[in-house]
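Commentary on secondary and tertiary structure
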Amino acid sequence: MRELSWLGSSKVLLITLWILINGIDTKHAHASVVDSQSIVNLKNSNVVRYCVDPDWLPYEAIVDGRHTGISSDYLALLAHYTNLTFVLVPTSSWRQSLELLKQGECELTPILNQTPKREQYLSFSQVFFKSPNVLVSLKSQPFLQGFENIGNRLLAIPKDYRLVEYVQRYYPSLNTILTSNERQGLEKVANGEVDVFVGSMFSVNAYIQQQGLTSLKIAGWGGPEDELRIGVIKAKKTLLPQINAGLAKITQADHNAIYKKWHNITVIEDIDYSVVIQVGTVLGMLILFLLYRTICVSKYNVHLEKNNKQLQQLHLELEQKNSDLDFLAQHDPLTKLFNRQYFNQTFLDDPRQPQQNKQANNNISLVVIDIDFFKAINDKHGHTVGDKILVQVAQVLQASVRDLDVVARWGGEEFVVVCQHVALHDATELCQRITDELTHFHFYNNIKVTCSYGIALLKDNEPIQACFERADGALFKAKQSGRNQYCSA
């Protein structure tokens, strides 16, 4: 791109006024996008042209010509904490964005992984956002755990993503196919064109929920987690100290607000800064006034006591919000059951768990439960009714298990029950008890609901992951045998 020439003094003044009038709201605004025609002749080191992936929600996207997503909110905060102005250069694909970065027509991209290939033309900021990658398959496929268990299955990877370099380097023997984006890869799995897809957990979950792809499940972890940074072209690497300084000013409250915004969770602000400013102003005026009028000490004390009560109230609210965040991190927002993250951290991610079970002489059974023909319920009655059915099934499960058993929503219409201190026949009795409760339960719109069950008893020195795979395989057999029944591994 040709070098920008200086604007006349009047045009510079007009653009300055435009930026002041259209200030950035760091709580809700998207990254500032200035009309390129308004700055085409402006040569200013503080104006940075940037490109994004136009189809990678919730991380980033271009909707109606406007940058949106997680990176948009972080870019707005960065513009607030620095003297940089960011100008969007629209593109139609991530590959086009990378090409413009290589050509210097884009100078920055706000959220991506650092790789050896990208280091050839980009310099990177500090990490400001992390996210795991996951493997996605049809529910009929077994739980894969990781790349090493894919075997001869066909794996789809979005082209130009960091995962392509990772798989080529560490798993060159895998049978892979490149897709244009994550959406296309997930659709190929749903249509049976490929066996497995690997992508970011947040964007994968968002698309599966939006499109109602209930035939898909998360089948394992997909390599190292994403460590997302800001990338700038080599010619602009002098901006990195300023960018890193701006990132360091982003508070934990800012991070939490962005996370909750893009994961459909309502978050109350940690601190109402308008109240703090008002309190500080009142206190300052009182202190100055006391220098001249000592008779107002009593009035000052009254205001001080009031402000202390407000601070105490804010402290109590903050403690409540922290408690709410802990609950949301471990529970499914719809059914209020434990979520997949809690199950993984408590059972799958603890390599000492089998040894602990052996030492305690605990009999543990896993029961994987799937609602029969749930897609037909969604198709016939709509997703709102489907959500109500999920909540009611969760109520039946909670009422049927013991207090020491753990019930978790695995995803979609699938649930997992961890039964402790039980033998295999106790687990089958639990399945029969749940089946009886479902038969007599009055579901919304008088819908008849049945479930299929896969049961596995944890063997001595057997990893929990292996036991889960056996239970998942037993569930598949139960569904193949006609559903509304249980099968033991």
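Scroll up to find the structure.
Residues numbered from 1 in each chain as written. Predicted model: local features only at pLDDT ≥ 70, side-chain atom pairs only at ≥ 80, totals over all residues. Heavy atoms only, no water.

Now for the overall build of the chain. A count of helical and extended segments in the chain gives 17 helices and 19 strands. Excluding contacts between residues fewer than 6 apart, the proportion of contacts in the chain whose partners are at least 24 apart in sequence is 71%. In the structure as shown, the chain presents an accessible area of about 25,000 Å², 52% of it carried by carbon and sulfur atoms. (Helix = DSSP H or I, 4+ residues; strand = E, 2+ residues; numbered from the N terminus. Contact = heavy atoms within 4.5 Å. Areas by Shrake-Rupley, 256 points an atom, 1.4 Å probe, with all protein chains shown as cover.)

Going through the model one piece at a time under the given rule, you end up with one disulfide. For Cys-51, the disulfide goes to Cys-106, at an S-S distance of 1.6 Å. Here Cys-51, found in the loop between strand 1 (47-50) and strand 2 (55-56), pairs with Cys-106, found in the loop between helix 4 (94-103) and strand 6 (108-112); they are 55 residues apart in sequence, far enough to count as distant. When sorted by exposure, Cys-51 lands in the same class as Cys-106, which is buried. Lacking any disulfide linkage, Cys-431 is separated from the closest cysteine sulfur, that of Cys-419, by 7.7 Å. (Disulfide = S-S within 2.5 Å. Buried < 20%, exposed > 50% of the residue type's maximum accessible area, 1.4 Å probe, protein only.)

This brings us to the packing of aromatic side chains. Overall, the coordinates contain 21 aromatic pairs when judged by the stated rule. When the centroid spacing of 6.2 Å and the interplanar angle of 90° are considered together, the rings of Tyr-59 and Phe-129 count as edge-to-face. With Tyr-59 in the loop between strand 2 and strand 3 (60-63) and Phe-129 in strand 8 (residues 129-131), the pair connects residues that are 70 residues apart, well separated along the chain. You can call Tyr-59 buried: its relative accessible area is 0%. Here Phe-129 falls in the buried class, since its relative accessible area comes to 7%. Ring geometry for Phe-143 against Phe-468: centres 5.3 Å apart, planes inclined by 70°, an arrangement best described as edge-to-face. Highlighted residues: Phe-143 in the loop between strand 9 (133-138) and strand 10 (154-158) and Phe-468 in helix 17 (residues 464-480), separated in sequence by 325 residues. Per residue, the accessibility class of Phe-143 equals that of Phe-468, and both read buried. Chaining the aromatic ring pairs together yields one cluster made of Trp-56, Tyr-59, Tyr-74, Phe-128, Phe-129, Tyr-161, Phe-202 and Tyr-259. Taking NZ or CZ as reference, Arg-340 lies 4.1 Å from the ring centre of Trp-410, over its face. (Phe/Tyr/Trp six-rings, centres within 6.5 Å; stacked < 30°, edge-to-face > 60°. Lys NZ or Arg CZ within 6 Å of the ring centre and 35° of its normal.)

On to helix 6 (residues 182-190). Taken as a whole, helix 6 has its buried residues at Glu-182, Gly-185, Leu-186, Lys-188 and Val-189. Looking straight down helix 6, one finds that the buried residues subtend no more than 155° of arc, so they occupy a single side. Regarding helix 6, its N-cap is Asn-181, as a side-chain oxygen of that residue lies 3.3 Å from the backbone nitrogen of Arg-183 further along. Positive phi shows up at Gly-192, right after helix 6, with a value of about 80°. (Arc of directions from axis to C-beta. Polar contact = N/O pair within 3.5 Å; in protein donor to acceptor, adjacent residues only side chain to side chain.)

Once that is clear, we can look at the side chain of Ser-400. Take Ser-400: it is sitting in helix 15 (residues 383-400). Classification of Ser-400 by relative accessible area gives buried; the value is 6%. Of note is the side chain of Ser-400, whose polar atom sits 2.7 Å from the backbone oxygen of Val-396. When sequence neighbours within four positions are dropped, the list of residues in contact with Ser-400 reads Leu-430, Arg-433, Ile-434 and Glu-437.

Before going further, it helps to examine the pattern of salt bridges. For the structure shown, the criterion picks out 17 salt bridges. A salt bridge links Asp-55 to Arg-183; the shortest N-O distance between them is 2.2 Å. Here Asp-55, found in strand 2, pairs with Arg-183, found in helix 6; they are 128 residues apart in sequence, far enough to count as distant. The class for Arg-183 is partly exposed, based on a relative accessible area of 34%. (Salt bridge = Lys/Arg side-chain N within 4 Å of Asp/Glu carboxyl O.)

Attention now moves to the sheet that holds strand 18 (residues 451-457). Strands pair in a sheet through their backbones, by hydrogen bonds, and they do so in one of two ways: parallel or antiparallel. Sheet architecture is open: five strands sit in the order 16-17-15-18-19, paired in mixed fashion. The sheet terminates laterally at strand 16 (406-411) and strand 19 (486-488), the two strands that pair on one side only. Strand-to-strand twist in this sheet, taken as the mean axis angle between neighbours without regard to direction, amounts to 20°. Two elements, strand 15 (residues 364-371) and strand 17 (residues 414-420), share seven bridges in a ladder whose sense is antiparallel. In the strand pairing of strand 17, Val-367 is matched with Val-417. Its contacts with the sheet put helix 12 (residues 340-348) on strand 16 and strand 17, and the angle it makes with strand 16 is roughly 120°. (Pairing = 2+ DSSP bridges. Axes fitted to C-alpha atoms, helices over the stretch in contact; angles between N-to-C directions.)

What follows covers helix 14 (residues 374-381). Counting along an α-helix, one turn takes 3.6 residues, and residues three or four places apart therefore face a common direction. All of the buried residues in helix 14 are Phe-374, Ile-377 and Asn-378. Down the axis, helix 14 shows its buried residues gathered within 95° of arc, on one side only. Away from the buried face of helix 14 by more than 90 degrees, exposed residues Asp-379 and Lys-380 are located. Looking at the buried side of helix 14, the elements it contacts are strand 15 and helix 15.

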